[in-house]
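# Observations on the model geometry
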Amino acid sequence: MKNQLICEHWCETVVAGIVVETTLDTGKQVQLPHMFGISYSPWTYKSRWALANRGLAYRYSEYTPMISKWMMRMRLRCWSESLTVPLMMTEQETLFSSWDIGVFAEQHGTGNPLQMADPRVQHWNRLSDRILELGRIRISLSIRHEPNALKAALPSGLRWIPGGRMIARQGVNYMLKTYPVDVAEDQLIEQTATLLAEVRAGLAGKPYLLEQPSYADLAVASCLQMVRPVAAGIIPLNSDLHSVWAESTLSASFDDLCHWRDETMRELNAPLL
Ligand SMILES: N[C@@H](CCC(=O)N[C@@H](CS)C(=O)NCC(=O)O)C(=O)O
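Residues numbered from 1 in each chain as written. Predicted model: local features only at pLDDT ≥ 70, side-chain atom pairs only at ≥ 80, totals over all residues. Heavy atoms only, no water.

So, about the packing of helix α4 (residues 119-143) against helix α7 (residues 188-203). Between α4 and α7, the shortest axis-to-axis distance is 10 Å and the interhelical angle comes to 150°. Taken together, the axes of α4 and α7 are roughly antiparallel relative to one another. In terms of crossing hand, the pair formed by α4 and α7 is left-handed. Contact residues: α4 offers His-123, Trp-124, Leu-127, Arg-130, Ile-131, Leu-134, Ile-137, Arg-138 and Leu-141, while α7 offers Leu-188, Ile-189, Gln-191, Thr-192, Leu-195, Leu-196, Glu-198, Val-199 and Gly-202. Of the residues assigned to the contact of α4 with α7, the class counts are 11 nonpolar, 4 polar and 3 charged. (Axes fitted to C-alpha atoms, helices over the stretch in contact; angles between N-to-C directions. Helix = DSSP H or I, 4+ residues; strand = E, 2+ residues; numbered from the N terminus. Parallel < 35°, antiparallel > 145°, perpendicular 65-115°, else oblique. Left-handed = near helix turned anticlockwise from the far one by under 90°. Contact = heavy atoms within 4.5 Å. Nonpolar A, V, L, I, M, F, W, Y, C, P; charged D, E, K, R; others polar.)

Taken together, the neighbourhood of the ligand is formed by 15 residues, with Val-85, Ser-98, Arg-136, Tyr-174 and Tyr-179 sitting nearest. Separating an oxygen atom of the ligand from a side-chain N or O atom of Lys-69 is a distance of 3.3 Å. A distance of 2.5 Å is found between an oxygen atom of the ligand and a side-chain nitrogen or oxygen belonging to Ser-98. Calculation on the ligand without its partners gives an accessible area of 510 Å², and the protein chains cover 87% of this total. A class-by-class count of the residues in the shell around the ligand yields 10 nonpolar, 3 polar and 2 charged. Taken domain by domain, the makeup of the shell around the ligand includes at least three residues from each of domain 1 (3-108) and domain 2 (119-267). (Near = heavy atom within 4 Å. Polar contact = N/O pair within 3.5 Å; in protein donor to acceptor, adjacent residues only side chain to side chain. Areas by Shrake-Rupley, 256 points an atom, 1.4 Å probe, with all protein chains shown as cover. Domains from an automatic or database assignment.)

Once that is clear, we can look at the state of the cysteines. Within this structure, the stated rule accounts for 0 disulfides. The cysteine Cys-223 is free of any disulfide, with Cys-258 supplying the nearest cysteine sulfur at 9.8 Å. Taking relative accessible area as the criterion, Cys-223 reaches 0% and is therefore assigned buried. For Cys-258, a relative accessible area of 0% corresponds to the buried category. (Disulfide = S-S within 2.5 Å. Buried < 20%, exposed > 50% of the residue type's maximum accessible area, 1.4 Å probe, protein only.)

The next thing to look at is the packing of aromatic side chains. Tallying each qualifying case throughout the model produces 3 aromatic pairs. For the ring pair Tyr-40 and Trp-245, a centre distance of 6.2 Å and an interplane angle of 85° mean the geometry is edge-to-face. Here Tyr-40, found in the loop between β5 (34-37) and α1 (42-53), pairs with Trp-245, found in helix α9 (residues 242-245); they are 205 residues apart in sequence, far enough to count as distant. Residue classification places Tyr-40 among the partly exposed residues on the basis of a relative accessible area of 31%. Ring plane angle 55° and centroid distance 5.9 Å describe the contact between Tyr-45 and Trp-49, whose orientation is recorded as tilted. (Phe/Tyr/Trp six-rings, centres within 6.5 Å; stacked < 30°, edge-to-face > 60°.)

This part covers the packing of α4 against helix α8 (residues 215-223). Two elements in contact, α4 and α8, have axes separated by 8 Å at closest approach and are oriented at 10°. Taken together, the axis directions place α4 and α8 in an arrangement best described as roughly parallel. Contact with α4, carried on its side by Val-121, Trp-124, Asn-125, Ser-128, Ile-131 and Leu-132, involves Tyr-215, Ala-216, Ala-219, Val-220 and Cys-223 of α8 and no other residues of that element. Partitioned by chemical class, the residues of the contact of α4 with α8 number 9 nonpolar, 2 polar and no charged.

Attention now goes to the domain arrangement of the protein. Here the domain parsing of the protein yields domain 1 (3-108) and domain 2 (119-267). Computed from C-alpha coordinates alone, the two centres of domain 1 and domain 2 are separated by 23 Å. Both sides of the domain 1 and domain 2 interface together cover about 2000 Å² of buried area, and 74% of this is carbon and sulfur. The largest contributions to the domain 1 side of the interface with domain 2 come from Trp-43, Trp-49 and Trp-99, which together make up 33% of the buried area. Across the domain 1-domain 2 interface, the total number found is 1 salt bridge. We note a salt bridge from Asp-129 to Lys-46, for which the minimum N-O separation is 2.8 Å. Counting across the domain 1 and domain 2 interface gives 5 residue pairs in polar contact (both at pLDDT 80 or more). Broken down by element, the residue count for the side of domain 1 that touches domain 2 peaks at 6 residues, all from α1. Split into classes, the residues belonging to the side of domain 1 that touches domain 2 amount to 10 nonpolar, 5 polar and 2 charged. (Buried area = accessible area lost by both parts, 1.4 Å probe. Salt bridge = Lys/Arg side-chain N within 4 Å of Asp/Glu carboxyl O.)

What follows is the structure in C-alpha cells.
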C-alpha cells in the first residue's frame, strides 16, 4: 500500500517501526492519525478535505476495494461488521466512517468550525451520501459497457494483465451486490435530480448551506463529483473514467450547482490530491 505523509507542520520520525511525529517547536512525540481511503472516492475526499480544512496532519494509505479488505479485517480484528473506507486509526480509536472523521476534525483541528453538531449538517451529509449511493450504482451499471473505463477502474498494476477486464467486471459486480439501492435502474437519475433540487433550494443563491461554511458544504460539494467531475488535480480520477462518472442530463440541469461546487472548493481550501 502506498504511504504518503500529509505534513505541513510536522517532521516524521520512525521509532521501533512505528511512525511518530515530532512537533518542530515542542519536541513532543505523538502518533499521527492514519487514514485508509480510495483516492478517487468522494467519501474519502470529504474526509481529507475536512482534515485539511481544520489544519490536521495525517498519514494516508491507498485502499483497494476487495483486495485490501481482508488485510484490513486482520489488522483491525474486525471479522463480521461491514468495513468501508475512509477509516482512520488515531492514538485512541479507529474511526469507521467519513462522518466520524469529520467529527474528529472538528474536535482536534483549528480554524472555522465544521458545525458537526448542527442537525442541518447531518441532514445535508445524509442527503449527499444518498446522492453518492445512487451515483455508485449508476456508474457501476454504465461502466460494464465501456471497455476503456473498465480497464481504467483497475489498480494500475493490474491494468495490462490478460483478463484484466474480467477482474474489473468482478469488481463492478461486487459493488452492485455490496451496495444495492432500493431504486429501479430507470429511476436513479430522476431520484438524484430530486435531491439536487433540494440542494438548490437549500442554497437559494447563498454561498453556503448554513449561515457560515460548514461540513455540509464539503459533503455536498464532494458528492457533485458524480454529476460532473471536478477539474483534474483536485479529486484524482483517471481520464477514461470521466465519461462514466459524469451524467450529462444532471450536469446540464444542475450547471449552477457544479459552478457553486467549483467556487466552494476554491473558497474552502479543498486539497489538491
Ligand atoms: N458511510 C460510509 C460509506 C463509505 C463507503 O461506502 N465506502 C465505499 C466506497 S465505494 C468502500 O469503502 N468501498 C470499498 C469496499 O467495499 O471494499 C462513510 O461515510 O464512510
